[in-house]
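Chain and residue survey
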Amino acid sequence: MAVPMKILTAENVSYAYKTKYQTVYALREVSCTFETGKLYAIVGRSGSGKSTLLSMLSGMAMPDQGKIIVQGEELTAKKLPKHRRDNISVIYQAFNLFPQLTVLENVTFPMEIVRRERDGYTEKARTLLESVGIKENQFRKLPAQLSGGEQQRVAIARSLGSPGKIMLADEPTGNLDTENGKIVLDILKDLSYKKGYCVIIVTHDMDIAAKSDAVYHMQDGRLERG
Ligand SMILES: Nc1ncnc2c1ncn2[C@@H]1O[C@H](COP(=O)(O)OP(=O)(O)OP(=O)(O)O)[C@@H](O)[C@H]1O
Ligand SMILES: [Mg+2]
């Protein structure tokens, strides 16, 4: 595998949710660096700021203070859409598949929207689905007709339609039993070790934390490596 490369850095990132009645300081001067070919775990109590950190890293919002640096370049508000489109793959605890679309369509639909190439979406989607162990006879089913583990694998295939090498996973095994959790973790591990992805997993699962290259702990909006 290629030499690990710094792909994503947060530098003194702070972020607060402001409503009319209160301000919640969700991130306080968070700094961390992530490399390609590695698997990272972010752990911490509910409300400690883990998902907020992922949304900063994925370019869903700009930090109030501090910087996000992607491949040496600082993210600006103007660059957020391109960052989300070209660099980032995301998966969630609740899978978030489109319920009315078939398994295959769930994977082709985002590609059709982005229209990176003129066609070939179906072929690419089939390859991605097969790469996560979803078989041809599942392609025409609706998500509800699949098991949770299969749905998460479809969500991974869908997210890999993006060309980016950064995979952000927010509690990807939170709704899965041990066996399916292990299958999903193995897919994420292969992405990092075999395909060179930088994989960042928010998790409560200590088994995932134990198997990752580095663990970050979040507490009250602060991040510690340990
Ligand atoms: N949209 C929002 N508006 C206001 N406050 C929010 C919003 N989203 C999150 N928060 C608050 O920001 C803090 C950090 O939330 P965040 O979702 O990042 O935590 P988390 O570590 O992901 O928690 P969990 O493990 O429960 O998913 C919490 O205090 C939360 O209540
Ligand atoms: Mg969260």
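Below is a summary of the structure that appears in this document. Along each chain, numbering runs from 1 in the same order as the chain's sequence is written. Chains carry letters from A onward and ligands carry numbers from 1 onward, assigned in written order. The predicted origin of the model limits local features to residues at a pLDDT of at least 70 and limits the giving and counting of side-chain atom pairs to 80 or more, whereas totals for whole chains, interfaces and linings rest on all residues. Side-chain metrics in this entry use all non-hydrogen atoms of the structure; hydrogen atoms and water are not considered.

A word on a nonpolar patch on the surface
So the rule is basically this: Grouping into patches uses exposed residues only, defined as over 30% relative accessible area, and leaves out salt-bridged ones; the cut-off is 9 Å for like charges and 5 Å for nonpolar side chains (Val, Leu, Ile, Met, Phe, Trp, Tyr). Note on areas: Shrake-Rupley, 1.4 Å probe, and residue coverage restricted to the protein chains presented here. Salt bridge, as applied in this entry: a Lys or Arg side-chain nitrogen positioned within 4 Å of an Asp or Glu carboxyl oxygen. Remark: exposure states derive from per-residue accessible area (1.4 Å probe, protein chains only) relative to the maximum for the residue type, with buried under 20%, exposed over 50%, and partly exposed in between.
Side chains of F98, F109, I113 and V114 sit close together on the surface and give an oily, nonpolar patch of about 330 Å² of accessible area. When its relative accessible area of 31% is taken as the criterion, F109 is described as partly exposed.

Overview of helix α5 (residues 148–159)
Where we set the bar: Going along the chain from the N terminus, every DSSP run of H or I of four or more residues is numbered as a helix, and every run of E of two or more is numbered as a strand. A helix is expected to span 1.5 Å for every residue after the first. The contact criterion used is simple: two residues touch if any of their non-hydrogen atoms lie within 4.5 Å.
Counted at 1.5 Å a residue, the expected span for α5 with its 12 residues is 16 Å, and the 16 Å between its end C-alpha atoms agrees. For α5, the buried fraction is high: 11 of the 12 residues fall into the buried class. Among all positions in α5, only G149, E150, Q151, Q152, R153, V154, A155, I156, A157, R158 and S159 are buried. Contacts made by the buried residues of α5 are with β6 (88–92), α3 (103–114), α4 (121–131), β7 (166–170) and α6 (178–193).

Description of the sheet that holds strand β1 (residues 6–18)
The criterion, for reference: At least two bridges found by DSSP between two strands are what make those strands a pair.
Strand order in the open sheet formed by four strands is β2-β1-β4-β5, and the pairing between neighbours is antiparallel. A strand with exactly one partner marks an edge of an open sheet, and here the two such strands are β2 (23–35) and β5 (73–74). Note: β1 against β2, nine bridges, orientation antiparallel. Bridging from a neighbouring strand, T9 pairs with T33 of β2.

What to know about the pattern of salt bridges
Scanning all chains against the criterion turns up 10 salt bridges. Across the pair K38 and E35 runs a salt bridge whose closest N-O atoms are separated by 2.9 Å. The partner of E73 in a salt bridge is K79, and the shortest N-O contact between them spans 2.9 Å. K79 gets classed as partly exposed once you look at its relative accessible area, which sits at 32%. Through salt bridges with shared partners, a single network forms among K82, R85 and D86.

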